[in-house]
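# Residue-level structure breakdown
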Amino acid sequence: QVQLVESGGGLVQPGGSLRLSCAASGNVDSITSVGWYRQAPGKQRDWVAANIRGGTIYHRSVEGRFSISWDKNTVSLQMNSLKPEDTATYLCNIWPPRNDYWGQGTQVTVSS
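The structure presented is a predicted model; accordingly, all values stated were derived computationally and were not measured.

On to the overall build of the protein, then. Secondary structure assignment for the protein yields zero helices and ten strands. In the protein, the succession of helices and strands from N to C terminus is β-β-β-β-β-β-β-β-β-β. In terms of its C-alpha atoms, the protein occupies a principal-axis envelope of roughly 40 × 25 × 20 Å. Buried residues in the protein amount to 39% of all 112 residues. Within the protein, residue pairs in contact and separated by at least 24 positions form 55% of the contacts whose partners lie at least 6 positions apart. Accessible surface, the protein as shown: approximately 6200 Å² in total, 45% of it carbon and sulfur. Placing the 10 positive and 8 negative side-chain charges of the protein at their respective mean positions leaves the two points 3 Å apart.

Okay, here's the thing in C-alpha cells:
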C-alpha cells in the first residue's frame, strides 16, 4: 500500500509560477512510474505529466510550461506561465494510476 499527499497549491495570477509536491509513503520501493493528474470543475480527470521509468512525458496542453521531477519519495511539478485553464485540483498517483491511491489533491487557481 502507498499513501500520497499533495501540497503546494494556491492562488496565482496568469503568467505566474507554482511548484507542487507529492509526498509518498508506505511501499514506495514498488513504484516504478509516477504521474500528475488534474481535474477541473465539470470536467473529467486527465493526465498532466508523468515520469515513466525515468523518461518524462507531458500532455500537449502543458508541454513547455510544466516539468515533473522525482527524487526519492517526492514527486514535484514545476508549473510556469500558468493560464486560467490550468485551474484545477491537482493529484499525484502512480502511472498508470490506481484508483485506491487517489488522495484529496491540491487546488490550483489561476486568476487575476
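It is worth spelling out the layout of surface pockets at this point. Roughly 190 Å³ of volume is contained in the largest pocket. What lines the largest pocket is Arg38, Gln39, Ala40, Lys43, Gln44, Asp46, Trp47, His59, Ser61, Glu85, Thr87 and Ala88. Of all the elements in the fold, those that place two or more residues in the lining of the largest pocket are β4 (33–39) and β5 (46–52).

This part covers unusual backbone geometry. Tryptophan 95 connects to proline 96 through a cis peptide bond whose omega is -10°. The backbone of lysine 72 shows a phi angle near 55°, a positive value even though the residue is not glycine.

This part takes up the packing of aromatic side chains. Here the distance between the centres and the angle between the planes together describe a pair of aromatic rings. What the rule picks out here adds up to three aromatic pairs. Here the aromatic rings of tryptophan 47 and tryptophan 95 are separated by 5.5 Å at their centres, their planes lie at 75°, and the arrangement is edge-to-face. Separated by 48 residues along the polypeptide, tryptophan 47 in strand β5 and tryptophan 95 in the loop between β9 (88–94) and β10 (106–110) bring together distant segments of the chain. Here tryptophan 47 falls in the partly exposed class, since its relative accessible area comes to 25%. By relative accessible area, tryptophan 95 is classed as partly exposed at 25%.

What follows is about the nonpolar core. For soluble globular proteins, the rule of thumb is that nonpolar side chains tend to be buried together. Counting 27 residues, the largest nonpolar core has Leu20, Trp36, Val48, Phe66, Leu77, Met79 and Tyr90 as the members making the most contacts within it. The set of elements that each furnish at least two residues to this core consists of β1 (2–7), β3 (18–26), β4, β5, β7 (66–71), β8 (74–79), β9 and β10. Sequence-distant contacts of leucine 77, that is, excluding residues within four places in its chain, are made with Leu18, Arg19, Leu20, Trp36, Val48, Ala49, Phe66, Ser67, Ile68 and Tyr90.

The alternating pattern of β10 places Thr106, Val108 and Val110 on a buried face, while none of Gln107 and Thr109, on the opposite face, is buried. The pairing of strand β2 (residues 10–12) with β10 spans three bridges and is classified as parallel. Within β10, the position partnered with leucine 11 by the bridge is threonine 109. Judged from the three bridges that link them, β9 and β10 form a sheet pairing that is antiparallel. Residue pairing in the sheet places alanine 88 in a bridge with valine 108 of β10.

Reading the values: the criteria
Residues numbered from 1 in each chain as written. Predicted model: local features only at pLDDT ≥ 70, side-chain atom pairs only at ≥ 80, totals over all residues. Heavy atoms only, no water. Helix = DSSP H or I, 4+ residues; strand = E, 2+ residues; numbered from the N terminus. Buried < 20%, exposed > 50% of the residue type's maximum accessible area, 1.4 Å probe, protein only. Contact = heavy atoms within 4.5 Å. Areas by Shrake-Rupley, 256 points an atom, 1.4 Å probe, with all protein chains shown as cover. Lys, Arg positive; Asp, Glu negative; His and termini not counted. Charge placed at Lys NZ, Arg CZ, Asp CG, Glu CD. 1 Å grid on protein atoms, 1.4 Å probe; cavity = no way out; pocket = protein on both sides within 12 Å on 5 of 7 lines; lining within 4 Å. Points joined across faces, edges and corners; volume = space filled by probe spheres on them. Phe/Tyr/Trp six-rings, centres within 6.5 Å; stacked < 30°, edge-to-face > 60°. Core = buried A, V, L, I, M, F, W, Y, C linked by side-chain atoms within 4.5 Å. Pairing = 2+ DSSP bridges.

Purely spatial values, then, with no claim about function.
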